[in-house]
Amino acid sequence: MNEIIINDTPVTIKEYQGQRVVTLKDIDTVHGRADGTARKRFNDNKAHFIEGEDFYTVDQPSEIRTLGITRPQGGVPANVTLITESGYLMLVKSFTDDLAWNVQRQLVKIYFRAKEMNVPAESTTTSKKLEIQEMNARTRMANLYLKLADVDTKSGAYKDILIAKAAEVLAGEQIIPLPLAEQKTYTATEIGEMFGISKQRVGTLANQYGMKIPEFGEWYRDKSPYSSKEVDAFRYNDKALEKFHELLG
């Protein structure tokens with residue numbers, strides 16, 4: 001039987017009543033979920049699914065055998081639930097992790113929609129392989145950005161930028177605008193040079209008078225001057241300059 005690769009996992013192509021379908025086990029497998037997860041979600045919400053539109057129940061052994069569905073111990077199961085594209089999209093609404101979004105995109109574009117575009121299964125498997133690899137690479141890169149954003153930092157802009165970049169890599173285009181720099185800011189070193197004091201003195205005054213707040217600037221993620229690590233660094237705005245002038249004369 002023909003197969004399509006979804007999330008590096010082979011899925012046997014199944015068609016029933018003229019449309020492509022997947023089993024609940026297929027959904028668990030490609031989403032990397034524990035066996036039985038999709039079935040539980042389906043049973044919990046079965047009242048919202050329309051039989052013949054969102055799913056089919058097949059209990060004829062000959063039909064089940066034709067679909068290529070067998071039990072690990074041999075033979076065919078007594079009945080099988082087949083999920084259509086609309087049923088699949090309803091079922092995975094609660095799968096919201098990064099992998100789930102990637103898998104949904106692949107299943108819809110490469111599996112369910114391939115038949116509508118009259119693309120032969122063999123051709124689809126070959127021609128889409130590079131696209132799948134590219135999407136997996138994008139997902140890994142997006143996850144890397146998200147891991148970088150998941151650090152203990154006071155800089156909201158740092159997290160916003162990395163999250164925006166993760167979304168851009170995954171979607172292939174910018175969908176979350178990068179935060180704009182709305183004001184000129186100065187480092188503690190630059191402030192110190194202006195007033196003839198050390199940057200350490202600048203930091204001491206800022207802490208003493210509670211100046212490391214949005215009114216006087218913002219936190220940035222910057223490279224430590226003493227190592228290769230990144231650290232939080234506060235940058236001061238023009239209002240902070242006025243405050244330092246007031247304090248230092």
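Every residue gets a number counted from 1 within its own chain, in the order that chain's sequence is written. In keeping with the model being predicted, local features are shown solely for residues with a pLDDT of at least 70 and side-chain atom pairs are shown and tallied solely at 80 or more, while totals for entire chains, interfaces and linings include all residues. Only hydrogens and water are set aside when side-chain values are computed; all heavy atoms of the structure are taken into account.

### Examining the packing of aromatic side chains
Right, so step 1: Aromatic rings from Phe, Tyr and Trp, taking only the six-membered ring of Trp, are treated as a pair when their centres fall within 6.5 Å; an angle between ring planes under 30 degrees marks them as stacked, one over 60 as edge-to-face, and anything in between as tilted. In total, this model carries six aromatic pairs according to the counting rule given.
Right, so step 2: When the centroid spacing of 5.1 Å and the interplanar angle of 75° are considered together, the rings of Phe 42 and Phe 55 count as edge-to-face. Note that Phe 42 is positioned in helix 2 (residues 37-44) and Phe 55 in strand 5 (residues 55-58), a separation of 13 residues in sequence. In terms of burial, Phe 42 and Phe 55 fall into one category: buried.
Right, so step 3: With a centroid separation of 5.4 Å and 75° between ring planes, the pair formed by Tyr 236 and Phe 244 is classed as edge-to-face. Phe 244 matches Tyr 236 in its accessibility class, with the two residues each being buried. Runs of H or I in DSSP of at least four residues are treated as helices and runs of E of at least two as strands, each being numbered from the N terminus. We call a residue buried when its accessible area falls under 20% of the maximum for its residue type, exposed when it is over 50%, and partly exposed in between, using a 1.4 Å probe and counting protein chains only.

### Looking at the sheet that holds strand 5
Right, so step 1: Any two strands with at least two DSSP-identified bridges between them are counted as paired. Across the sheet, which stays open at both edges, the four strands sit in the order 3-4-6-5 with antiparallel pairing between neighbours. This sheet does not close on itself; its edge strands, each paired only once, are strand 3 (14-16) and strand 5. Going across the sheet, the axis of each strand differs from the next one's by a mean of 45°, ignoring polarity.
Right, so step 2: Across four bridges, strand 5 lies against strand 6 (residues 80-83) in antiparallel orientation. Angular values range over 0 to 180 degrees, each being the angle between N-to-C directions of two axes fitted as lines to C-alpha atoms, with helices fitted over their stretch in contact.

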